[in-house]
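Letter by letter, the chains look like this.
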Amino acid sequence: MAGQRDVGEKENWSTHMSQLVRERRTIRSFSEHPLSQEIVIDRLQAAAQSVFNEKGKLPCRFVYIASREGKEKAVSLIMSVYAEHKLYKWLPSKVGQMMAERIISIPAFLVVVQEMEESKEMCERDYASICAMLQSFSLLAWDCGIGLVWNTEPYMRKQSFATDMGLKRGERIVTILFMGNYERISKGKQRTPVMKKISFL
Amino acid sequence: MMNMISLFRETRAVRDFTDEPVPRHIIMNILDDAVWAPNHRFREPWRFIYAEGDGKQKLAASIDWKQHPRLVNTIIQAPLCLIVTAKMNNDEHIASEDFAAVCCLIQNIQLLSWVHGLGMTWNLGDYRGWTEFMKLAGIQENERIAGILSIGFFAPVPEKAALIELYEKVEVW
Ligand SMILES: Cc1cc2nc3c(=O)[nH]c(=O)nc-3n(C[C@H](O)[C@H](O)[C@H](O)COP(=O)(O)O)c2cc1C
């Protein structure tokens, strides 16, 4: 009897996981409702349990930014690295202000920082594990109504920005996740069938 | 009651596999789910090489056993070897985004395999200079290996590795 129930559960969970993986969407516009920091960090912690790095640790850390002041500070750093490196050609101050306000209205930012190892091979492997962990986190966040977008832009690797964000030597920003509860979900773009992207030996 | 969080917490690294063959349709279903991974500008920067039986043995034989005993052993032992490649790019930023997307895809494979009762080992190393291996696998100039995955059924359920603690690694602004 117990065995039968196990099988039933297993089938159930494979359906759930399959749905979760397919239904997760990148979210770019959020409800302004604040997030529970506890929920976010618990799900981050659970996500870390689902990756297996050889050394049994993940060389990364996070900056969770959800207070008004914290977000204002981060956004002003982002705006100034943009200006400093002329990453946009020219932005009237009013438009810049609107952009800043729009970002600040997002409930939370999560800066993901990798602590770099000496060897390039190790760094690659750690980067892979961190990305894997972030995918688990995206799924677990989705499962409780939290959507996010990975933001990866060249400015994140600029030294001045890293220093202002409080990074130490030997650290780099992997991505900044912007997140909040989702309201509208856009339709996902159909993926190319695997049959077209696989070869058999 | 089991919930998603506990399911993620319960997944384990698997290094010991049974001989039981892995039905191809299960893997194809897993992969068709897994490609729903996020990927920037819809580049779908991945490709798969599926190796079992003789094909897999040949791959294993092309690797220097003395240098890479663990890798050779898992390839030989697991019934399925699935190589996942990522597209390379002269633009370092794009290349790194694409590699990240493929890592998200591999994590999907890991999670989906687990709920199907399958285990997976994700091997990733510096494979430059593995000419014979690349040739056998048909890996192209503009591709790099993001993972050599060993997949199979496991028995018994492996031990859970030590917990990775993140609570102290979150700074709050
Ligand atoms: C490594 C990586 C970097 C990304 N960077 C950005 C980004 O800078 N801005 C953005 O809007 N979306 C970004 N995305 C999200 C993708 O654009 C998104 O996954 C894609 O449009 C597919 O949509 P879906 O995630 O809803 O399936 C990124 C995704 C990945 C995996």
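The preceding data block contains the structure.
Note that this is a predicted model, so its numbers are computed, not measured. (Residues numbered from 1 in each chain as written. Chains lettered and ligands numbered in written order. Predicted model: local features only at pLDDT ≥ 70, side-chain atom pairs only at ≥ 80, totals over all residues. Heavy atoms only, no water.)

Draft legend 1. The sheet that holds strand S3 (residues 146-151) of chain A, seen in detail. Strand order across the open sheet formed by 5 strands is S3(A)-S4(A)-S2(A)-S1(A)-S5(B), with mixed pairing between neighbours. The outermost strands of the open sheet, each flanked by one partner alone, are S3 of chain A together with strand S5 (170-172) of chain B. For this sheet the average axis-to-axis angle between neighbouring strands, irrespective of direction, equals 25°. Pairing between strand S1 (residues 60-65) of chain A and strand S2 (residues 108-115) of chain A: 6 bridges, direction antiparallel. Bridge pairing in S2(A) places A:Arg61 opposite A:Val113. (Pairing = 2+ DSSP bridges. Helix = DSSP H or I, 4+ residues; strand = E, 2+ residues; numbered from the N terminus. Axes fitted to C-alpha atoms, helices over the stretch in contact; angles between N-to-C directions.)

Draft legend 2. Inspection of the interface of chain A and chain B at higher detail. Contact residues are listed per partner, giving 70 residues for chain A and 65 residues for chain B. Counting the surface lost from both chain A and chain B, the interface buries some 6,500 Å², and carbon and sulfur atoms represent 64% of this. Of all residues in chain A, A:Trp13, A:Lys197 and A:Leu201 bury the most surface against chain B, accounting for 12% of the area lost on that side. On the surface where chain A and chain B come into contact, there are 4 salt bridges. B:Glu171 is paired through a salt bridge with A:Arg61; the nearest N and O atoms lie 3.2 Å apart. Put simply, chain A and chain B have 39 residue pairs in polar contact (both at pLDDT 80 or more) between them. (Contact = heavy atoms within 4.5 Å. Buried area = accessible area lost by both parts, 1.4 Å probe. Salt bridge = Lys/Arg side-chain N within 4 Å of Asp/Glu carboxyl O. Polar contact = N/O pair within 3.5 Å; in protein donor to acceptor, adjacent residues only side chain to side chain.)

Draft legend 3. Just the pattern of salt bridges, in detail. Applying the stated criterion across every chain yields a total of 15 salt bridges over all chains. In this structure, the salt-bridge partner of B:Glu52 is B:Arg24, at a minimum N-O distance of 3.2 Å. Of the two residues, B:Glu52 sits in the loop between strand S1 (46-51) and helix H3 (53-61) while B:Arg24 sits in helix H2 (residues 24-34), which places them 28 residues apart along the sequence. B:Arg24 gets classed as partly exposed once you look at its relative accessible area, which sits at 37%. One network of salt bridges, with partners in common, ties together A:Arg61, A:Glu171 and B:Glu171. (Buried < 20%, exposed > 50% of the residue type's maximum accessible area, 1.4 Å probe, protein only.)

Draft legend 4. The arrangement of the site of the ligand in detail. Looking at the ligand, there are 14 residues lining it, with A:Thr26, A:Arg28, A:Trp150, A:Arg191 and B:His40 nearest. The environment of the ligand is shared, with nearby residues belonging to chains A and B. One of the backbone nitrogen or oxygen atoms of A:Thr152 is found 3.2 Å away from an oxygen atom of the ligand. One of the side-chain nitrogen or oxygen atoms of A:Arg191 is found 2.7 Å away from an oxygen atom of the ligand. Considered on its own, the ligand offers 620 Å² of accessible surface; in the complex 88% of this is hidden by protein. Those elements that place two or more of their residues in the shell around the ligand are S3 of chain A together with helix H5 (92-115) of chain B. Counting residues per element, the shell around the ligand draws most heavily on S3(A), which supplies 3 residues. Here the shell around the ligand is built from residues that sort into 4 nonpolar, 5 polar and 5 charged. (Near = heavy atom within 4 Å. Areas by Shrake-Rupley, 256 points an atom, 1.4 Å probe, with all protein chains shown as cover. Nonpolar A, V, L, I, M, F, W, Y, C, P; charged D, E, K, R; others polar.)

Draft legend 5. Just the pairing of S3(A), in detail. Residue and element names in this part refer to chain A. The buried fraction of S3 amounts to 6 of the 6 residues, a majority that puts the element mostly inside the structure. Covered by surrounding structure in S3 are Ile 146, Leu 148 and Trp 150 together with Gly 147, Val 149 and Asn 151, the residues of both alternating faces. Here S3 runs beside strand S4 (residues 171-181); their pairing, made up of 6 bridges, is antiparallel. Within S4, the position partnered with Leu 148 by the bridge is Met 179.

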